[in-house]
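# Structural overview
Chain by chain, the residues:
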Amino acid sequence: MTANLACPADEEALTGILDERQGSVVLKEAGGASGAKGVECGKASVSGAVSQRACVFCGARVVLNPITDAFHLVHGPIGCASYTWDIRGSLSSGPELYRRSFSTDLGEKDVVFGGLPKLRRAVDEIWEKHRPPVVFIYSTCIVGVIGDDVDSVCREAEAAFPGLRVINVKAPGFAGHKAMGYRLACEALMSLISREPPEAPARAGVNILGDFNLAGEMWIIRGYLERIGIPVVSAFTGDSTCASLKKAPSAALNVVQCAGSMQHLARSMEERFGIPYVKASFFGLEDTASALSRIADLAGDGAARLKARSLARSARGKAERELAPYLPGLAGKKAAIFVGGGFKAISLIRQFNALGMDTVLVGTQTGQREDYEIIETLVKPGTVILDDANPSELETFMREKGADILVGGVKERPLAYKLGIAFCDHNHERKVPLAGFDGVINFTREINLSINSPVWRRVRGAGDPFAAPA
Ligand code: SF4
């Protein structure tokens, strides 16, 4: 399925790419170009390329942080603790402990003599003041270098404080990239739910894996499933608690939304508890309707199937009527996408196609080969597809392709604004829900407001859309 991709070394060359990055940046071609190998992905970032990817620790933290009653303790220098709730604005219907940031704040003396005494004092203080059900200790870069025996502190604390789980998330930034952090988070979650699983699980309802309740999106998905009669047993990890996660082994099906972060957990739960999983996306009208139908087919009865199709038909029809006035102002506009995972990129391309827009550049931080193969089938010839991009590549290809809007996260926002093009935040910091049928309306409004704002004409000047202002 990779026959229509050309590497930049081929005849129609893309410029401005480091030699080591050539295989990770490809151009969708019109014909069947022979010899194309698809997008190289899943590799370590190239040193000096200034990757947009986050580190291993960040990958683990963004997955675990939404557990609202957990204590998240960063064992490392204070700088690592800058990854806080602010960059992962997941909402809670209960506890608020997860919104605070805690660090052992290792200094020079700790690096020389070891950080364990400080870590022990921190865990004692946590138990004394907060009594959480679980503490995640994130061991970051310097701890990986000095070799603190964090596991021993976890064992001692669990022995001393009955009922407390203390889980070491060994996440030095240099151990890989963000996807490795996702895997570590999945292993921490498996450790949490496996210790005392229900003896005879009821096998009903579903778990949602890979939704983090950004701007309340988990509540939207949960609402749809409840309306069609399918209960959500556990949510990984948006608006979850330690107790709610421990119920997960009793579900009949795992629904994996963010496959990049949660497929490892889904596979582990299938192996350990026999729970099958299905990938489903709640971004976009088509994907939301399809997700509801497939979940009802796999986890519901006849009534659930009928309700799923009825809900999808009515909510989709209502959304399409609300979207109609925006279509003339968006037709033919060009979108660039750079997001964390491949599944979200795929849903975004479908949404842009439905709005009559063209995706001219698409890339991800942690996309997998099968994601890129689907992406290739959805975009038009001439689209640049790239894995693990850096700001220079994004700038070069957005200029070359004349992108009108960039969809990305906090690290991409300044780049778009400096280039004078519109931006839509589809990452952890968003404040408006973009999931489900209503989410598509919010998304389209935001795209329209940003792309058709008069500010870009003033910033970019007339003629060449990327010319410096007069
Ligand atoms: S790369 Fe290392 S030092 Fe930097 S934030 Fe990640 S874990 Fe901390």
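Bear in mind the structure is a predicted one, so any value in this text is a computation, not a measurement.

Definitions and limits used
- Residues numbered from 1 in each chain as written.
- Predicted model: local features only at pLDDT ≥ 70, side-chain atom pairs only at ≥ 80, totals over all residues.
- Pairing = 2+ DSSP bridges.
- Helix = DSSP H or I, 4+ residues; strand = E, 2+ residues; numbered from the N terminus.
- Axes fitted to C-alpha atoms, helices over the stretch in contact; angles between N-to-C directions.
- Contact = placed C-beta atoms within 7 Å.
- Expected span 1.5 Å × (residues − 1).
- Buried ≥ 20, exposed ≤ 12 C-beta atoms within 10 Å, placed from the backbone.
- Parallel < 35°, antiparallel > 145°, perpendicular 65-115°, else oblique.
- Left-handed = near helix turned anticlockwise from the far one by under 90°.
- Nonpolar A, V, L, I, M, F, W, Y, C, P; charged D, E, K, R; others polar.
- Near = placed C-beta within 6 Å.
- pLDDT = per-residue confidence, 0-100.

## Looking at the sheet that holds strand β9 (residues 253-256)
Overall, parallel pairing links the four strands, which are arranged β8-β7-β9-β10 in an open sheet. Each of the sheet's edge strands pairs with one partner strand only, and the pair in question is β8 (232-237) and β10 (277-279). For this sheet, the mean angle separating the axes of adjacent strands, direction not counted, is 20 degrees. Pairing of β9 with β10 involves three bridges; the strand directions are parallel. Paired with V255 across the bridge in β10 is V278. Most of the contacts of helix α10 (residues 285-299) go to β9, to which it runs at about 165 degrees, and overall it touches β7 (206-211), β9 and β10.

## Things to note about helix α13 (residues 342-354)
Its 13 residues give α13 an end-to-end C-alpha distance of 19 Å, which sits within 8% of 18 Å, the value for a rise of 1.5 Å per residue. Three or more residues of α13 are buried, namely G342, F343, K344, A345, I346, S347, L348, I349, Q351 and F352. Following α13 by one or two positions, G356 adopts a phi angle in the positive range, close to 80 degrees.

## Side note on the packing of helix α1 (residues 56-64) against helix α6 (residues 178-194)
Packing of α1 against α6 leaves a shortest axis separation of 6 Å and a crossing angle of 45 degrees. Put simply, α1 runs oblique to α6. Both α1 and α6 take part in a crossing whose hand is right-handed. Residues V56, F57, C58, G59, A60, V63 and L64 of α1 pack against K178, A179, M180, G181, Y182, L184, A185 and A188 of α6. Here the residues of the contact of α1 with α6 sort into 12 nonpolar, two polar and one charged.

## Observations regarding the site of the ligand
By nearness alone, every residue bordering the ligand is listed as C55, F57, G76, C80, T140, C141, P172 and G173. Per-class residue counts for the shell around the ligand are five nonpolar, three polar and no charged.

## Remarks on the confidence of the model for the chain
For the chain, the mean per-residue pLDDT works out to 91, and 93% of the residues sit at or above 70. The low-confidence segment residues 7-12, where pLDDT is below 50, has 13 contacts with residues more than four positions distant or belonging to other chains.

## Re the sheet that holds strand β5 (residues 134-139)
If you trace the four strands from one edge of the open sheet to the other, you get β4-β3-β5-β6, paired in parallel fashion. At either margin of the open sheet sits one strand with a lone partner, and together these are β4 (102-103) and β6 (165-170). In the sheet, β5 pairs with β6 via six bridges, with the strands oriented parallel. In the strand pairing of β6, Y138 is matched with V169. Sheet contacts for helix α3 (residues 116-129): β3 (71-75), β5 and β6; angle to β3, the most-contacted strand, approximately 165 degrees. With respect to the sheet, helix α5 (residues 150-160) is in contact with β3, β5 and β6, its orientation differing from that of β6 by roughly 170 degrees.

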